[in-house]
Amino acid sequence: MFFTILYYDWQILKAGRLLPIGLGLLGIFVLLACWTGQKRLDFQEQALREVANAEAQLHRESRATVATLQKSGATFTGNSHRNPLEPGGAANATGNRYFTLPVLPSAIIAAGQSDLQANYYKFSLNKKQALYHSEEIENASILYNGQFDLAFVIVLLLPLLAIALRYNLLVQERERGTLSFLQSSLASTFQIALAKSVLRYALLLGSFGLLSALGTWIFGRALPLESWLKMMGIVAIYLGFWFVLASLIDKPQSRSGRNAAILVSAWLGFSILVPAMLNLLVNVWYPVPSRIKWIAEAREAAAEARKNSEQILGQFYEDHPELMPKSQQIDYKNFAAVSFSSNQNIEKAVAPLEKALEGRIAERNAFLERFRWFSPAPMVQLALEDLAGTGHERYQAFQTQMKEAHEIYRAYFAEKIFKLEKMTAEDYDRIPITRFIERVNP
Amino acid sequence: MKGLRQNGLFHILLPIYWILFGIALLHGSLEYRHLNTIQSEAQAKTYQQWLAQDPKSPHSAAHYGLYAYKPRTLLSIIDPGMEDYLGSAVWMEAHNQNEVKLRAVQDAGIFARYGKLNVAYLWQYLLPLIIILLAFNSVSAEYESGTLRMVLSTQLSARQFLLGKIAGQYLSVMLWFFLPALLVGGVVIIQQAKGQEWWAALPGFMSMALFYGLYLGLFSTLGVLLSAYLRHSNAVLLSLLGFWALGGMLLPRVGSAVAKQMHPSPSAIHFTEKVLNDREKGPDGQGSYEKFQEQVKAKALVQYGVDSIEALPVSFAGLALQAGEERDWKVYDQYYGQLFRTFQKQDAFLARLNLFSPMLLLRSISQGFAGTDLNKHLDFTHQAEQKRREIQSLMNEDQMKNGVGKERGYLADAKLWQQVNQFQYQAPNWYQQVKQQAWNLFALGIWFVFLAWGLNSTAKKLNPA
């Protein structure tokens with residue numbers, strides 16, 4: 001009986017307008033999401049290529065300049081801040097290294113944090129706090145509107161299509177007067193509702209699966225099978241939630257309009273209001289310490305460091321006797337050494353604020369993680385972002401590794417700066433290159 | 001109106017709305033106070049730090065620089081707009097035109113993309129949805145139950161009947177949802193205002209009130225007319241919900257993707273490399289900085305009729321620094337000019353799309369009058385850069401005048417630092433805000449013309465058959 005209902009319902013659906021309109025819209029949404037995803041990834045990959053080229057070109061040119069100067073014994077006559085023979089000039093201008101986050105093959109699924117956080121950092125001798133200023137250039141209006149990605153289709157649009165297909169299955173039979181006819185057959189009301197729901201669920205899920213595979217392939221960003229299967233697993237559960245919810249609302253004695261109103265309200269609540277409310281509550285309970293405060297604190301420390309620069313530099317050598325120059329004479333006029341040791345002091349002054357900020361962000365995220373169960377929408381969104389490699393966890397790992405890599409980079413030059421050594425062509429080959437290591441398995 | 005108040009949905013939606021409104025307003029008000037306190041304290045502190053500098057060369061002071069902080073507007077309590085996506089502080093230092101940094105959204109955590117509930121969001125998205133849910137069967141139910149024949153058999157004309165339905169919907173939403181909320185919002189804003197701030201914000205607040213009022217009228221009219229036109233409650237509801245979802249959720253994202261393809265903005269690496277390159281090589285083929293310095297020197301010697309730097313009546317260091325600054329300004333004007341023009345083209349495209357969505361129209365108008373949109377941000381960026389250039393010129397002129405013979409050895413003191421006034425952002429006045437919103441206001445007008453036509457033609461076709 002179940003399959004008979006299924007068959008006849010399929011015939012009715014085929015003849016009606018709802019199915020072609022619904023699936024047509026789904027097709028447009030998925031293809032649009034794949035197109036915007038392709039453009040987004042092209043942009044990010046192009047930027048990463050430019051980073052790699054800039055890094056390689058700078059290294060090539062600086063190395064060649066130093067080799068020429070070494071050979072001729074001439075001194076550098078250009079801008080002193082960009083002197084490639086000086087480790088300070090190399091660290092800040094002529095030997096810059098970048099730390100980059102690769103784009104994963106599954107990144108087309110969700111933009112996630114990729115347009116909000118930096119995907120590459122340029123290293124110099126600057127304070128590590130300066131790195132937090134790295135970000136991609138983007139029009140705030142576009143950032144504010146958000147990305148039309150597959151995650152948006154899945155989290156916000158698929159439920160609307162599910163509601164449109166399922167909201168009045170039983171009510172409609174009653175309103176048309178065909179429910180009693182169906183009930184007079186051997187099937188129970190439950191079986192009727194189940195067969196109709198399963199058909200629509202399978203059609204929606206199958207169409208999404210097919211369209212997403214096809215769309216990503218057409219736009220040259222075919223998903224790896226494993227990622228596609230994981231995405232479909234998430235979609236299957238999420239769609240299941242909306243079909244079950246719609247089934248609970250759709251009682252024969254109800255009214256179509258009432259069902260639609262309740263389901264759309266539930267969609268608005270789960271998808272938009274609950275997450276926005278959680279965001280608001282976390283802001284009240286765990287307000288983020290403003291980075292603006294860092295500015296004043298860092299400037300205070302900078303002014304203090306300037307007054308005591310000689311003392312700070314002397315103290316630095318006391319703490320690091322291994323960095324004493326061969327002459328055993330401290331050069332208090334060495335700009336790079338003074339600047340580096342002063343920056344260390346500024347970093348120490350700002351460190352408590354930085355720690356407080358990081359701690360608070362962790363508390364906020366823990367709160368949101370704990371309460372995300374209030375709504376399926378953010379749960380699915382976050383799962384998709386993790387799958388795409390654009391989630392918070394991967395970006396946090398990226399920033400942690402970036403800070404470690406920055407330390408390695410600075411330590412390499414610090415040794416030469418404090419020992420008052422010059423850069424050689426070979427030294428340029430030894431400037432540390434650190435690459436991001438995937439620790440999270442999306 | 002009476003019928004609406006008997007609607008069960010009305011009694012469910014009303015308390016939900018007021019709870020959400022209360023929380024959103026309270027949060028908006030707390031956030032405004034918190035952020036403005038931080039901003040004004042930081043502004044005062046960094047200015048004090050500037051004044052407290054020890055004697056040093058003017059150029060060192062220029063490198064130490066100052067910060068400009070973007071103040072939150074009073075009306076951001078109602079509509080924080082894009083503020084979380086825009087930076088809030090910019091370092092005004094020698095040589096570099098820095099970008100406005102510190103976007104709050106970067107620290108917002110895993111739910112960053114969902115935004116924070118705010119009053120404007122409730123008025124722009126939730127109130128139209130409430131109107132849709134209350135109005136979708138306002139006329140179609142009369143068709144379905146057969147009572148329309150009875151109503152129209154009286155002396156009441158179809159137009160009067162429709163206008164009555166629209167007025168009923170509109171007044172219910174205005175009296176129970178919007179106007180009391182506006183009053184409470186106004187009281188909170190007055191309470192948060194310092195001194196004359198409230199008077200300065202009043203035209204913006206009144207404009208927001210007016211356009212939100214018109215906007216709710218637009219949705220009430222649309223709901224009733226579609227209910228009369230389509231005649232089947234289910235079809236009306238699905239159409240209105242589709243319009244709401246497409247206009248509010250889908251269109252801005254699709255529009256953004258298209259705008260970005262039509263007017264692509266550069267990546268940060270591309271932009272900074274270009275700026276660095278042009279600064280190194282010179283904007284007009286002037287050559288490297290070193291060559292440029294030689295040109296400046298040669299020009300100065302001719303101008304002052306002397307044969308050595310030492311014989312110049314001004315400090316060459318100051319002269320060269322100012323010439324270098326002016327050379328860099330050309331580069332910044334070119335690249336930042338291009339970038340901001342690209343943003344404005346993207347925004348102009350998005351504004352054209354607003355025509356298809358009253359929600360997006362009102363969103364832009366509301367942010368414009370609240371001073372939380374991109375226009376204000378670009379204006380702030382421009383004013384901060386002008387201030388930076390003013391500071392650089394002042395420092396370099398002092399070096400030129402007082403550094404003769406001492407060059408980089410010349411030390412300026414607090415007298416010079418005091419000549420730099422604290423940066424105060426001058427927000428656009430109400431007239432400028434209206435001018436910036438001209439297209440959106442025109443598009444809103446088009447919607448009303450369309451609805452007037454819709455009312456007329458629907459009234460003509462309204463018959464109970």
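Residues numbered from 1 in each chain as written. Chains lettered and ligands numbered in written order. Predicted model: local features only at pLDDT ≥ 70, side-chain atom pairs only at ≥ 80, totals over all residues. Heavy atoms only, no water.

It is worth spelling out the overall build of chain A at this point. Looking only at helices and strands, chain A features 17 helices and 2 strands. The C-alpha radius of gyration computed for chain A amounts to 30 Å, which surpasses the reference 22 Å derived for 442 residues by more than 25%, pointing to a less compact arrangement than a globule. Its C-alpha atoms give chain A principal-axis dimensions of about 105 × 45 × 35 Å. Across the 442 residues of chain A, 54% fall into the buried class. The long-range fraction of contacts in chain A, counting pairs at least 24 apart against all pairs at least 6 apart in sequence, stands at 83%. With an accessible surface of roughly 19,400 Å², chain A has 60% of that area assigned to carbon and sulfur atoms. For chain A, the centre of its 45 positive side-chain charges and the centre of its 40 negative side-chain charges are spaced 6 Å apart. (Helix = DSSP H or I, 4+ residues; strand = E, 2+ residues; numbered from the N terminus. Rg over C-alpha atoms; globule rule 2.2 N^0.38 Å. Buried < 20%, exposed > 50% of the residue type's maximum accessible area, 1.4 Å probe, protein only. Contact = heavy atoms within 4.5 Å. Areas by Shrake-Rupley, 256 points an atom, 1.4 Å probe, with all protein chains shown as cover. Lys, Arg positive; Asp, Glu negative; His and termini not counted. Charge placed at Lys NZ, Arg CZ, Asp CG, Glu CD.)

On to the overall build of chain B. When helices and strands are counted, chain B shows 17 helices and 2 strands. By the compact-globule yardstick of 23 Å for 465 residues, chain B is too spread out, its C-alpha radius of gyration being 29 Å. Referenced to the eigenvectors of the C-alpha coordinate spread, the extents of chain B come out at roughly 105 × 45 × 40 Å. For chain B, with 465 residues in total, the buried portion stands at 57%. Restricting to contacts in chain B with at least 6 residues of sequence separation, those with at least 24 account for 82%. As displayed, chain B offers around 19,500 Å² of accessible surface, 61% of which is attributable to carbon and sulfur atoms. A distance of 12 Å separates the average location of the 41 positive side-chain charges in chain B from that of its 33 negative side-chain charges.

Here we come to the packing of helix α8 (residues 197–230) of chain B against helix α13 (residues 358–370) of chain B. All names here are of chain B. Here α8 crosses α13 at 170°, and the two axes come no closer than 9 Å. Relative to α13, α8 is oriented roughly antiparallel. Across the interface between the two elements, Gly 204, Ser 207, Met 208, Phe 211, Tyr 212, Tyr 215, Leu 218 and Phe 219 from α8 touch Pro 358, Met 359, Leu 362, Ile 365, Ser 366, Phe 369 and Ala 370 from α13. Per-class residue counts for the contact of α8 with α13 are 12 nonpolar, 3 polar and no charged. (Axes fitted to C-alpha atoms, helices over the stretch in contact; angles between N-to-C directions. Parallel < 35°, antiparallel > 145°, perpendicular 65-115°, else oblique. Nonpolar A, V, L, I, M, F, W, Y, C, P; charged D, E, K, R; others polar.)

Residue and element names in this part refer to chain B. It is at 8 Å that the axes of helix α9 (residues 233–262) and α13 come closest, and there the two elements cross at 55°. Considering their axes alone, α9 and α13 lie oblique with respect to each other. Here Phe 243, Trp 244, Gly 247, Gly 248, Leu 251 and Pro 252 of α9 come into contact with α13, specifically with Pro 358, Met 359, Leu 360 and Arg 363. Of the residues belonging to the contact of α9 with α13, the class tally is 7 nonpolar, 2 polar and 1 charged.

Moving on: the interface of chain A and chain B. Listed by partner, the interface residues are 89 residues for chain A and 84 residues for chain B. A combined buried area of about 8,000 Å² lies between chain A and chain B, and 64% of that area is made up of carbon and sulfur atoms. Looking only at chain A, the three residues that lose the most surface to chain B are A:Ile137, A:Tyr144 and A:Arg299, adding up to 10% of its buried area. Here A:Glu138 ties to B:Lys260 by a salt bridge, and the two come within 2.8 Å at their closest N and O atoms. Within the residue set of the side of chain A that touches chain B, elements represented by two or more residues are α2 (18–72), β2 (120–122), α5 (140–145), α6 (150–166), α11 (256–285), α12 (292–307), α14 (335–371) and α15 (376–388) of chain A. For the side of chain A that touches chain B, the element with the highest residue contribution is α11(A), accounting for 19 residues. Residue classes in the side of chain A that touches chain B are distributed as 45 nonpolar, 25 polar and 19 charged. (Buried area = accessible area lost by both parts, 1.4 Å probe. Salt bridge = Lys/Arg side-chain N within 4 Å of Asp/Glu carboxyl O.)

Let us now look at the pattern of salt bridges. All names here are of chain B. If you walk through the whole model with that rule in mind, you get 33 salt bridges over all chains. Residues Asp 84 and Arg 72 are paired through a salt bridge, measuring 3.3 Å at the closest nitrogen-oxygen approach. Note that Asp 84 is positioned in the loop between β1 (66–69) and β2 (89–92) and Arg 72 in the loop between β1 and β2, a separation of 12 residues in sequence. In this structure, Asp 84 and Arg 72 share a single accessibility class: buried. Put simply, Arg 389 and Glu 385 hold a salt bridge, and the shortest N to O gap is 2.6 Å. With Arg 389 and Glu 385 both in helix α14 (residues 374–402), this residue pair falls 4 residues apart, about one helical turn. Since its relative accessible area comes to 9%, Arg 389 is described here as buried. The network of salt bridges with common partners includes Glu 325, Asp 333, Glu 385, Arg 388 and Arg 389.

This next bit is on unusual backbone geometry. Look at A:Leu420: it is not a glycine, yet its phi comes out positive at around 55°. Given the relative accessible area of 35%, A:Leu420 is considered partly exposed. For B:Arg231, which is not glycine, the phi torsion reads 70° and is therefore positive. Mapped onto the elements of the fold, B:Arg231 is located in the loop between α8 and α9.

Before going further, it helps to spend a moment on α8(B). All names here are of chain B. Taking 1.5 Å per residue as the helical rise, α8 with its 34 residues ought to reach 50 Å, and the 49 Å between its terminal C-alpha atoms agrees with that figure. Helix geometry: α8 is bent most strongly at Pro 203, by close to 35°. Immediately downstream of α8, the backbone of Arg 231 shows phi near 70°, a positive value. (Expected span 1.5 Å × (residues − 1). Bend = angle between axes of the 7 residues up to and from the residue.)

What follows deals with the nonpolar core. Proteins that are soluble and globular tend to have nonpolar side chains buried together. A:Phe208, A:Met231, B:Trp123, B:Leu162, B:Trp244 and B:Leu462 are the most contacted members of the largest nonpolar core, which has 143 residues in total. For this core, the leading source of residues is α8(B), giving 15 residues. Those residues in contact with A:Met231 that sit more than four places away from it in its chain are A:Ile109, A:Ile154, A:Phe208, A:Ser212, A:Leu223, A:Leu384 and A:Leu387. (Core = buried A, V, L, I, M, F, W, Y, C linked by side-chain atoms within 4.5 Å.)

Structurally, A:Ser271 is set in helix α11. A relative accessible area of 1% means that A:Ser271 is categorised as buried.

Residues and elements named next belong to chain B. Per-residue confidence for chain B gives a mean pLDDT of 89; residues scoring 70 or more make up 97%. Least confident of the elements in chain B is helix α1 (residues 2–5), whose mean pLDDT is 61; most confident is α13, at 95. Quick note on the complex model: pTM equals 0.87, ipTM equals 0.87. (pLDDT = per-residue confidence, 0-100.)

Further remarks concern the environment of A:Val350. Residues and elements named next belong to chain A. Take Val 350: it is sitting in helix α14. Val 350 gets classed as buried once you look at its relative accessible area, which sits at 2%. Separated by 309 residues in sequence, Val 350 and Leu 41 place their C-alpha atoms 36 Å apart.

All names here are of chain B. As enumerated under the stated definition, the model contains 52 aromatic pairs over all chains in all. With a centroid separation of 6.1 Å and an interplanar angle of 45°, the aromatic rings of Tyr 332 and Tyr 336 are classed as tilted. Pair noted here: Tyr 332 and Tyr 336 are both in helix α12 (residues 316–353), with a separation of 4 residues, about one helical turn. Residue classification places Tyr 336 among the buried positions, given a relative accessible area of 7%. (Phe/Tyr/Trp six-rings, centres within 6.5 Å; stacked < 30°, edge-to-face > 60°.)

Quick look at the environment of B:Arg363 now. With respect to the secondary-structure elements, B:Arg363 resides in helix α13. The buried category is assigned to B:Arg363, whose relative accessible area is 13%. With 148 residues separating them along the chain, B:Arg363 and B:Tyr215 place their C-alpha atoms 10 Å apart. Polar contacts involving the side chain of B:Arg363 include one to the side chain of A:Asn145, which spans 2.5 Å. (Polar contact = N/O pair within 3.5 Å; in protein donor to acceptor, adjacent residues only side chain to side chain.)

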